[in-house]
Amino acid sequence: MGKLALAAKITHVPSMYLSELDGTRQGTRQDAIDGHREIDRRCRALGVDTLVVFDTHWLVNANYHINCAPHFKGLYTSNELPHFISNMGFEFPGNLALGQLLAKVCNAHGVETLAHDATTLNPEYGTLVPMRYMNADQHYRVVSVSALCQAHYLNDSARLGWAMRRAIEDEYDGTVAFFASGSLSHRFAQNGLAPDYAFKVWSPFLEHLDHEVVRMWQRGDWKDFCAMLPEYAAKGHGEGFMHDTAMLLGALGWSDYDGQAEVITPYFGASGTGQINAVFPVTPQTGAAIPAAQASSAHGYQAASRL
C-alpha cells in the first residue's frame, strides 16, 4: 500500500543553528545545512508526506517510544548545550495515525513499543534541528522515535526498523522517509578543549574508524558492518549506542541490504564527534536477515502493560 521512499543517516549538530547567527561561527555549517536541504528536495520529488526520525537525543530506559502528537510547536533550549541552542522556535504537524500504526506492527513483531499521541512531550533536537532545514514550511508531518536506548538490544532496534517498514508498505496509505539522526563516533572534546575541536574529531583512531565505516557503506559491505556494529558502537563511541543506525539498517533489510550509500555532506568533525549526511537507496527485501526479537524472549520478561 504505502512506500518507504528514502532512508538517510543525518547530522543534527547544534552548531548548524549557530551557523545562522551573527558571530564567529556564522556560515561555518552551511555544508551540513545544504545537505539537509538536498535531502528535503529529494523527499519532495518522491512525494514523501511524513518524516520518521530515529532521534538519538530522546533518551529512554525501557521499551521503545513513538511521539506522534498531532501538532508540535514551541521554543527549544538544549539542556545539553544551552549556549548553542537557545530559544529556537519550531512548529510542524505530527502524524497520529501513522505513529499508532507503527507501534501496533512493532508489537506484533515482538518489539514492545508505545505510541504517545495525547502528550505534552516535545521532540528533542535530533528531530528539531533537521526539521528546521527540511520542514520550515511545515510541508511534512513528523513522527519522532526514541533512539538513545540505554538498556536495549541492537537486534531489537533492527527488528523495529523492519517492522516499521512493514507497517508502511503493508498498511499505510502514503509515502514516508526514515532518518537516522545521529553521529558516527560521538566522543566529545574534553571539557575546556571544545573550542579547539570545533571542527575536529577527538582522536585519529576514531576518525580513521569512521572513515572506514563510510567506505564500507559506499561499497555495500553490509554483512561485515552489521556483524561489527555492536563493537563499533562501543569502541567507536557511537551516538545513542548506534540504535538509530540499527533501526535504519533493519528497515533496509539488515545484513541482506544490497544498496550503496551516497554521501551528500562529506564526513566532518564537530566538537570532537564525527558527522555525515548520507542517503541509502531503498531496495526490495524479504526480511530474511532480520534478527529475532530478543528482549521479549528473555527469561522473566514483563510487558509494560503489567507494570
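Note that the structure is a prediction, hence the values are computed from the model and not measured.

(A) How the structure looks around the overall build of the chain. Each helix and strand counted, the chain has eight helices and ten strands in total. Each of the three principal axes of the chain carries a C-alpha extent, and together these read 50 × 40 × 40 Å. Counting only residues that meet the buried cut, the chain has 58% of its 307 residues in that class. In the chain, 82% of the contacts between residues at least 6 apart in sequence involve partners at least 24 apart. Summing over all exposed atoms, the chain offers an accessible surface of approximately 12,400 Å²; the carbon and sulfur share of this is 52%.

(B) Examining the environment of R159 more closely. With respect to the helices and strands, R159 occurs in helix α5 (residues 154–171). Taking the C-alpha atoms as reference points, R159 and Y257, 98 residues apart in sequence, are found 14 Å from one another. For R159, the residues in contact, after removing those within four places along its chain, are H109, V111, I290, P291, A292 and A293.

(C) Structural detail: unusual backbone geometry. Unlike most non-glycine residues, N87 shows phi in positive territory, near 55°. Examined against the element boundaries, N87 turns out to sit in the loop between β4 (71–76) and β5 (88–93). Phi angles above zero are rare outside glycine, and Q138 is one such case at about 60°. Mapped onto the fold, Q138 is located in the loop between α4 (125–134) and β7 (141–149).

(D) Geometry of the nonpolar core. Grouped together as the largest cluster of nonpolar side chains are 60 residues, with contacts concentrated most on F178 and F280. Residues in contact with F280, not counting those within four places in the same chain, are A7, A8, K9, W217, W222, L248, L252, Y257 and A261. Counting residues in each nonpolar core, the second largest holds 38 residues, with L6, V13, F84 and L128 among its members.

(E) Seen up close, helix α2 (residues 30–45). The end-to-end C-alpha distance of α2 is 22 Å, a good match for the 22 Å that 16 residues give at a rise of 1.5 Å each. Every buried residue of α2 is accounted for by A32, I33, G35, H36, I39, D40 and C43. Seen end-on, α2 carries its buried residues on one side only, within an arc spanning 155°. Of the residues trailing α2, G47 is marked for its positive phi of about 80°.

(F) Expanded view of the pattern of salt bridges. Following the criterion strictly, the structure yields 17 salt bridges and no others. With a shortest N-O distance of 2.8 Å, D137 and R44 are connected by a salt bridge. Residue D137 is found in the loop between α4 and β7, and its partner R44 is found in helix α2; the two are separated by 93 residues along the sequence. Judged by relative accessible area, which is 48%, D137 ranks as partly exposed. Overall, the relative accessible area of 31% leaves R44 in the partly exposed class. Each of the salt bridges in this network shares a partner with another, and the network as a whole consists of E38, R41, R42 and E262.

(G) The arrangement of the pairing of strand β8 (residues 175–181) in detail. Of all seven residues making up β8, seven are buried, and the element is well covered by its neighbours. In β8, alternate side chains face the same way, and those of T175, A177, F179 and S181 on one face and V176, F178 and A180 on the other are all buried. Pairing of strand β1 (residues 3–10) with β8 involves seven bridges; the strand directions are parallel. Bridge assignment links I10 to a residue of β8, and that residue is S181. The sheet contact formed by strand β2 (residues 50–60) and β8 spans six bridges and is parallel. Within the sheet, the bridge partner assigned to T50 lies in β8 and is V176.

Each value, and the rule that gives it
- Residues numbered from 1 in each chain as written.
- Predicted model: local features only at pLDDT ≥ 70, side-chain atom pairs only at ≥ 80, totals over all residues.
- Heavy atoms only, no water.
- Helix = DSSP H or I, 4+ residues; strand = E, 2+ residues; numbered from the N terminus.
- Buried < 20%, exposed > 50% of the residue type's maximum accessible area, 1.4 Å probe, protein only.
- Contact = heavy atoms within 4.5 Å.
- Areas by Shrake-Rupley, 256 points an atom, 1.4 Å probe, with all protein chains shown as cover.
- Core = buried A, V, L, I, M, F, W, Y, C linked by side-chain atoms within 4.5 Å.
- Expected span 1.5 Å × (residues − 1).
- Arc of directions from axis to C-beta.
- Salt bridge = Lys/Arg side-chain N within 4 Å of Asp/Glu carboxyl O.
- Pairing = 2+ DSSP bridges.

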